[in-house]
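Observations on the three-dimensional arrangement
The primary structure of each chain is shown beneath.
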Amino acid sequence: MILKVSNLEKTYKSTVSFRALKDINMEVYEGEFIAIMGPSGSGKSTFLNTISTIDKPSGGSVLIAGKNPYKMNDNQLSAFRRTELGFVFQQFNLINTLTVGENIILPLTLSNIPLKEMNKKLENISKFLGIDHILNKRTYEISGGQSQRVAIARAVINNPSILLADEPTGNLDSKSAKDVMRLFKKLNDSLKVTIIMVTHDPNIAASSDRTYIIKDGSIYQQIIDKGDKRAY
Ligand code: ADP
Ligand code: ADP
């Protein structure tokens, strides 16, 4: 099991206290493609943020690859994020003073990986994602679809245990969205990347293995879409 979420709670305490996540339980196995759906404001982003160590839960526990990130100190946590988790968002969050290639290897430059190995990884992942011809371009010279491919390459170049995506096609036209979804499928099928993706799009959710519907901070329903990899 790559992710075990038990009795997860999140309460925001501002002027009034708001219980955004209520007793969430979820088990995800290696290589699964999980979609998270639900109405706006139901807690999808909060869920992704709490399991991804961005936002501290108010209760319950999160185990990623058997480790509890919330028991780590700041140094351990940032190393853990860098090596175990990959993030893709609706906004591509690329750094526009760097080239495409420099953006992709950014997570590696923080590790002590030899330059030659770094370039090899860059070459492999950019070929796999069909962006090896734009590595020297600036981020403002490429399209939205290409930008999201670059963000995906950056997210997976460290071979993370889980790829977390929050509305990754939300800023794309429908053709680019389809292209990007094909790439997520390819990453899942060929490289066995475990994916947890928040999406509004039922077509996208249908290409996952399982879909969880969140309503009012609780898991309302679980749908088996493609087949249950947990049996293996
Ligand atoms: P979704 O991603 O499903 O649209 P969110 O997780 O962003 O939903 O938000 C769930 C609920 O929690 C919403 O009612 C939102 O207003 C509230 N919320 C989110 N972040 C905060 C915060 N930092 N402080 C207070 N309330 C928040
Ligand atoms: P999304 O649905 O994609 O999460 P939102 O507009 O709901 O987008 O939230 C964007 C950001 O604002 C999130 O980081 C969330 O935590 C924060 N946020 C949302 N609602 C509130 C709120 N009521 N108070 C403070 N922060 C909030």
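Looking up the chain in an unreviewed UniProt entry gives the name ABC transporter ATP-binding protein, with the organism given as Peptostreptococcus porci. In its Sequence similarities (unreviewed entry) section, the UniProt entry covering the chain states "Belongs to the ABC transporter superfamily."

This paragraph deals with the site of ligand 1. Taken together, Y12, F18, A20, P39, S40, G41, S42, G43, K44, S45 and T46 make up the full set of residues adjacent to ligand 1. For ligand 1, whose unbound accessible area comes to 550 Å², protein coverage reaches 60%. Of all the secondary structure elements, the ones that give two or more residues to the shell around ligand 1 are β2 (17–28) and α1 (44–51). The element best represented in the shell around ligand 1 is α1, accounting for three residues. Taken together, the residues that form the shell around ligand 1 break down as four nonpolar, six polar and one charged.

Before going further, it helps to examine helix α3 (residues 100–109). For α3, a buried count of seven out of 10 residues is recorded, marking the element as mostly surrounded by other parts of the structure. Here α3 has its buried residues at V100, G101, N103, I104, I105, P107 and L108. Among the structural elements, α2 (74–84), α4 (115–128) and α5 (144–156) are those in contact with the buried residues of α3.

Another aspect to go through is the sheet that holds β2. The strand order across the open sheet formed by three strands is β2-β1-β4, and the pairing between neighbours is antiparallel. Since the sheet does not close on itself, it has two edges, and those belong to β2 and β4 (59–64), each with one partner. When strand polarity is set aside, the average angle formed by the axes of neighbouring strands in this sheet is 25 degrees. With eight bridges connecting them, strand β1 (residues 3–13) and β2 associate as antiparallel partners. Paired with K13 across the two strands is S17, which belongs to β2.

Calculation rules
- Residues numbered from 1 in each chain as written.
- Chains lettered and ligands numbered in written order.
- Predicted model: local features only at pLDDT ≥ 70, side-chain atom pairs only at ≥ 80, totals over all residues.
- Heavy atoms only, no water.
- UniProt positions renumbered as here; feature names shortened; annotations may be inferred.
- Near = heavy atom within 4 Å.
- Areas by Shrake-Rupley, 256 points an atom, 1.4 Å probe, with all protein chains shown as cover.
- Helix = DSSP H or I, 4+ residues; strand = E, 2+ residues; numbered from the N terminus.
- Nonpolar A, V, L, I, M, F, W, Y, C, P; charged D, E, K, R; others polar.
- Buried < 20%, exposed > 50% of the residue type's maximum accessible area, 1.4 Å probe, protein only.
- Contact = heavy atoms within 4.5 Å.
- Pairing = 2+ DSSP bridges.
- Axes fitted to C-alpha atoms, helices over the stretch in contact; angles between N-to-C directions.

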